[in-house]
Structures are given as structure tokens and as C-alpha cells.
Amino acid sequence: MQRIHNAIQLTEMSRDDLAELYAYPLQLDAPWVRANFVASIDGAATSDDVTAGLGTPADKTVFMLLRELADVVLVGAGTVRTENYGGARTSATRRRALYDRGLGGHRDGAPPPIAVVTASAALEPGCRLFTDTAVPPLIITTSTAPADRKQALAEAGGVVIEAGGVAVTPKGLLAALAERGLTRVLCEGGPHLFGELLEADAIDELCLTTAPVLVGGTARRISLSAHEFRMPMERRHILLDKDGTILTRWARR
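A brief look at the structure comes next. A quick note: this is a predicted structure, and the numbers were derived from the prediction, not measured.

A word on helix H8 (residues 191–199)
Within H8, burial applies to Pro191, Leu193, Phe194, Gly195, Leu197 and Leu198. Packed against the buried residues of H8 are strand E3 (32–40), strand E4 (72–76), strand E5 (114–117), helix H7 (170–179), strand E8 (184–187) and strand E9 (205–211). Downstream of H8 by one or two residues, Asp201 has phi in the positive range, about 60°.

Here it is as C-alpha cells:
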């Protein structure tokens, strides 16, 4: 495998190589939270208000792989609305093969459910999250959220989970996932949810794609939090694609 300045050329990696490179730790007894984001060279997390505007073929390849490896895809309600989320679509064959190798996936090949954090259960029952999915979404909400909203989401096919009183805390959220055996957690945003998990020291690693483009404007960064903090990270790998895309994986020290 040719390396240039400690970086790996993506074109020299097979799908199995990539799966090994991004595999979760073995025998997890608590959730391992991996975040996945894309940003421009100048730090914009969106272009035209959506992340799709920054996507590249390499980013799409890793995006799909990370979903294949995960037990659950975690997102905030704002991201679901802005990005028009539907259910995850993964290859059943790949998911079974990854499971057999102990890398992740699912023994039956089922795709990972989308878990949405919304303290007020503020989702539309007719949105793609419910109408375009192979598995029921998980709605992580609170006991004080309006009962009629929770009932409507349950009737639309969602699994409504109360993980807090007036707020969904990172601790309550991850405990709810762990109770269901969902320990390989893939957080896809948004910035507020990622920031809350970071502040709670609940992020184990970050997979960050840098798209070869400058955006400018007032686009947000990948994390937003109430307080400034510093979290030392260690680089695990760098992947380079021929179009200039840079894919990095960082783990906390």
C-alpha cells in the first residue's frame, strides 16, 4: 500500500481494507460513539444549508461504509428536517459479511435504525423518516413531550423512547441505546447534538472529510456548544482521493 507523508491512497484500498480500517473496537460493553462529518477547507459544515453540497465520491464511499458498520445512526431532529432524512439503505449481504467477521453489521443484514433526538417529539409523522425506511426509526424524547405528538409518531411506525424528564441528556440517550444492545453508534449531526456529546465527553472518535472546496459565507462549523472546551485527539489515519478529498479519523486520547 503506497503511503505519501503517512497518508494512504484511497484508490489502493479494497472494501475489505476499508472495513478493517474503520472497524469498531471488539466486545463493546458500553456505546462507542463515532461522529462523521464533512467540511470545506475553510471549515463550513454545509453548502446551500445542506451537507450534500460538500459531498464527493470518496466521502460517499466512507459514509456508506460507516453506516454498514454501525448498530444505529444518531441524528438531531433539526438535521432530519433540514436534510430530509429517510431510513438508512445498506447492502444486506455486506451487513451479514461484516457481522460474520466481527466488524459490525447485522446478523440478518438489516440496516441500522435512525435514532432521532427530539425533547419535544417535534417531527412530522408524514416525513421520509417514517415513509421511506426498511426499519422503524427510534424517537428519543422525554416524558414531558406532548403525549399526542408521541402517539402520532408511534402510529406512524416510530419506536418512541423516553430518555429523560424535560431534556434528553447524553447520558440518558446512550443508556437508552445500550439497553437495546446498540453499542456501535454513528452520530451524523447536527452541530448542536455533536457539541452536546463533546461537552459531555461522550465522543470516542471523529471521522472528518475535508472537501476540496472553499465556501465562505456564514455556514456553521461541525460542532456548536454553550461553552468553549478543548479535547486532545490522536490521528488514526489519513486517506487521500485523487480529486483532493481528505478523509481523516481521529480518536480521543
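And the narrative resumes.
A short note on the nonpolar core
Tyr22, Ile114, Val116, Leu123 and Leu129 are the most contacted members of the largest nonpolar core, which has 36 residues in total. Going through the elements one at a time, helix H1 (15–21), helix H2 (57–69), E4, helix H3 (77–83), E5 and helix H5 (128–131) are the ones with two or more residues in this core. Looking at this core, the element that brings in the most residues is H2, giving five residues. Residues within four places of Ile114 in sequence aside, it is in contact with Arg67, Val73, Val75, Tyr85, Gly86, Gly87, Ala88, Leu129, Pro137 and Leu138.

Thoughts on H2
Compared with an ideal rise of 1.5 Å per residue, which puts 13 residues at 18 Å, H2 spans 19 Å between its outermost C-alpha atoms and is within 8% of the ideal. Residues of H2 that are buried include every one of Ala58, Asp59, Val62, Leu65, Leu66, Arg67, Glu68 and Leu69, and no others.

Regarding the side chain of Thr183
Here Thr183 shows up in the loop between H7 and E8. Apart from residues lying up to four places away in sequence, Thr183 is in contact with Leu28, Ala30, Pro31, Trp32 and Asp71.

Remarks on the environment of Asp29
Take Asp29: it is sitting in the loop between H1 and E3. The class for Asp29 is exposed, based on a relative accessible area of 78%. Considered as a pair, Asp29 and Gly181 are 152 residues apart in the sequence and their alpha carbons are 9.1 Å apart.

Some thoughts on the packing of aromatic side chains
According to the stated counting rule, one finds one aromatic pair in the structure shown. Ring plane angle 35° and centroid distance 4.8 Å describe the contact between Phe37 and Phe194, whose orientation is recorded as tilted. One end of the pair, Phe37, is in strand E3; the other, Phe194, is in helix H8, with 157 residues separating them in the sequence. Judged by relative accessible area, which is 3%, Phe194 ranks as buried.

Description of the pairing of strand E6 (residues 138–141)
Alternating positions in E6 separate into two faces, Leu138 and Ile140 on one and Ile139 and Thr141 on the other, with burial throughout. Sheet analysis places E5 next to E6, joined by three bridges and oriented parallel. When the sheet's bridge partners are listed, Val116 is paired in E6 with Ile139. Where E6 meets strand E7 (residues 159–162), four bridges bridge the pair, whose relative direction is parallel. Within the sheet, the bridge partner assigned to Thr141 lies in E7 and is Glu162. Taking the sense of rotation as the criterion, the β-α-β connection linking E6, helix H6 (residues 147–155) and E7 turns out right-handed.

Scoring rules and cut-offs
Residues numbered from 1 in each chain as written. Predicted model: local features only at pLDDT ≥ 70, side-chain atom pairs only at ≥ 80, totals over all residues. Heavy atoms only, no water. Buried < 20%, exposed > 50% of the residue type's maximum accessible area, 1.4 Å probe, protein only. Helix = DSSP H or I, 4+ residues; strand = E, 2+ residues; numbered from the N terminus. Contact = heavy atoms within 4.5 Å. Core = buried A, V, L, I, M, F, W, Y, C linked by side-chain atoms within 4.5 Å. Expected span 1.5 Å × (residues − 1). Phe/Tyr/Trp six-rings, centres within 6.5 Å; stacked < 30°, edge-to-face > 60°. Pairing = 2+ DSSP bridges. Right-handed = clockwise from strand over helix to strand, strands pointing away.

Any functional reading would require information beyond the geometric quantities listed.
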